[in-house]
Amino acid sequence: MQRNFHDYLAAWREIFPRPRKIRWAEGRLFNGYCKDCRYCCGPQDDPEPFPMALLPGQIRSDLAEDFYLLSGDTAYIGARGCKAVGPFGCRLEQAKRPVTCSLFPLVPANGGLYLYKICPAALFSPLVLWADMGRAVATWLAGFNAADLTRISLSLTEQRLAERYIYLDIRLF
Ligand code: SF4
Ligand code: SF4
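Everything in this summary refers to the structure shown in the same document.

Remarks on the site of ligand 2
- Around ligand 2, the structure places Cys 41, Ile 77, Cys 82, Ala 84, Val 85, Cys 90, Leu 92, Arg 97, Pro 98 and Cys 101.
- Among the residues forming the shell around ligand 2, the class breakdown is nine nonpolar, no polar and one charged.

A few points about the pairing of strand 9 (residues 112-116)
- Where strand 8 (residues 106-109) and strand 9 come together, four bridges link them in antiparallel fashion. The residue bridging Leu 106 from the neighbouring strand is Leu 115, located in strand 9.
- Count of turn residues in the strand 8/strand 9 antiparallel hairpin: two residues, of which Asn 110 carries a positive phi of about 50°.
- By the bridge criterion, four bridges tie strand 9 to strand 10 (residues 165-171) in an arrangement that is antiparallel. Residue Leu 115 lies in a different strand from strand 10, and its bridge partner there is Ile 166.

Notes on helix 5 (residues 127-141)
- Helix length check: helix 5, at 15 residues, gives a terminal C-alpha distance of 20 Å against a target of 21 Å (1.5 Å per residue), a fit within 8%.
- Taken residue by residue, helix 5 has Trp 130, Met 133, Gly 134, Val 137 and Leu 141 as its buried positions. All buried residues of helix 5 lie within an arc of 115° about the axis, which places them on one face of the element. Exposed side of helix 5, more than 90 degrees from the buried face: Val 128 and Thr 139 are the residues found there.

Here we look at the site of ligand 1
- Close to ligand 1 lie Asn 31, Tyr 33, Cys 34, Cys 37, Arg 38, Tyr 39, Cys 40, Phe 104, Pro 105, Cys 119, Pro 120 and Ala 121, which account for all nearby residues.
- Of the residues belonging to the shell around ligand 1, the class tally is 10 nonpolar, one polar and one charged.

A closer look at the nonpolar core
- Of all hydrophobic cores here, the largest spans 30 residues; its most connected members are Leu 103, Leu 106, Val 107, Tyr 114, Leu 115 and Val 137.
- Residue assignment for this core shows that the elements contributing at least two residues are strand 3 (50-53), strand 5 (74-77), helix 3 (99-103), strand 8, strand 9, helix 4 (120-124), helix 5 and strand 10.
- Tallying contributions element by element places helix 5 first for this core, with four residues.
- Dropping the residues within four chain positions of it, Leu 106 is found in contact with Leu 29, Leu 113, Leu 115, Gly 134 and Val 137.

Considerations on the sheet that holds strand 9
- Spatially, three strands are ordered 8-9-10 in an open sheet, and the strand pairing comes out antiparallel. Looking at the sheet topology across the chains shown, the edges are occupied by strand 8 and strand 10. Each neighbouring strand pair of the sheet contributes to a mean axis angle of 35°, computed without reference to strand direction.
- Helix 5 contacts strand 8, strand 9 and strand 10 of the sheet and is inclined by roughly 55° relative to strand 10.

Some details on the sheet that holds strand 5
- Sheet architecture is open: three strands sit in the order 3-5-4, paired in antiparallel fashion. Pairing within the sheet leaves two strands with one partner each, and these edge strands are strand 3 and strand 4 (68-71). Sheet twist, expressed as the average angle between the axes of neighbouring strands with direction ignored, equals 40°.
- Here strand 4 runs beside strand 5; their pairing, made up of three bridges, is antiparallel. Looking at the pairing, Tyr 68 lines up with Tyr 76 of strand 5.

Cut-offs and rules
- Residues numbered from 1 in each chain as written.
- Chains lettered and ligands numbered in written order.
- Predicted model: local features only at pLDDT ≥ 70, side-chain atom pairs only at ≥ 80, totals over all residues.
- Near = placed C-beta within 6 Å.
- Nonpolar A, V, L, I, M, F, W, Y, C, P; charged D, E, K, R; others polar.
- Pairing = 2+ DSSP bridges.
- Helix = DSSP H or I, 4+ residues; strand = E, 2+ residues; numbered from the N terminus.
- Expected span 1.5 Å × (residues − 1).
- Buried ≥ 20, exposed ≤ 12 C-beta atoms within 10 Å, placed from the backbone.
- Arc of directions from axis to C-beta.
- Core = buried A, V, L, I, M, F, W, Y, C linked by C-beta atoms within 7 Å.
- Contact = placed C-beta atoms within 7 Å.
- Axes fitted to C-alpha atoms, helices over the stretch in contact; angles between N-to-C directions.

Put into structure tokens, the structure is as follows:
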């Protein structure tokens, strides 16, 4: 059964009685919640797949060993979770992970930057921190070429954005 925002909030409150540290550095988000969460790499109760586009330099012939694929260059997370997750988290080196994984819960979508509000780090960290980190991430993403940036940006409906995302008022393209 699909859980809603408040179901997740209640679950995260049990697991995370105190805030943990998050920071953006070296092109990835270091998130103190992840090791006790693993929500976004695991099986999803959401019927809509979450696409994770790969950059041209990440395309390889054995992609299907590490990902469930929507197409030859786009992995996704769905009811089976991600193939790349192991008992201690992601088993892929950073360079092989979709860019999305390095940013999450910050999510490029519809040309802007959003915060995925069901993530415990999103819920228990101040919005001001996400706003500042979002701007640092946008500066980093500005180094991408336009085609790659467009590729990794999701296309989401207004309803979807309202259900799961907070807009940080940051345009990427
Ligand atoms: S949902 Fe958030 S805290 Fe949980 S594993 Fe994903 S990024 Fe980490
Ligand atoms: S590639 Fe790794 S970090 Fe990304 S969703 Fe899969 S297991 Fe998680």
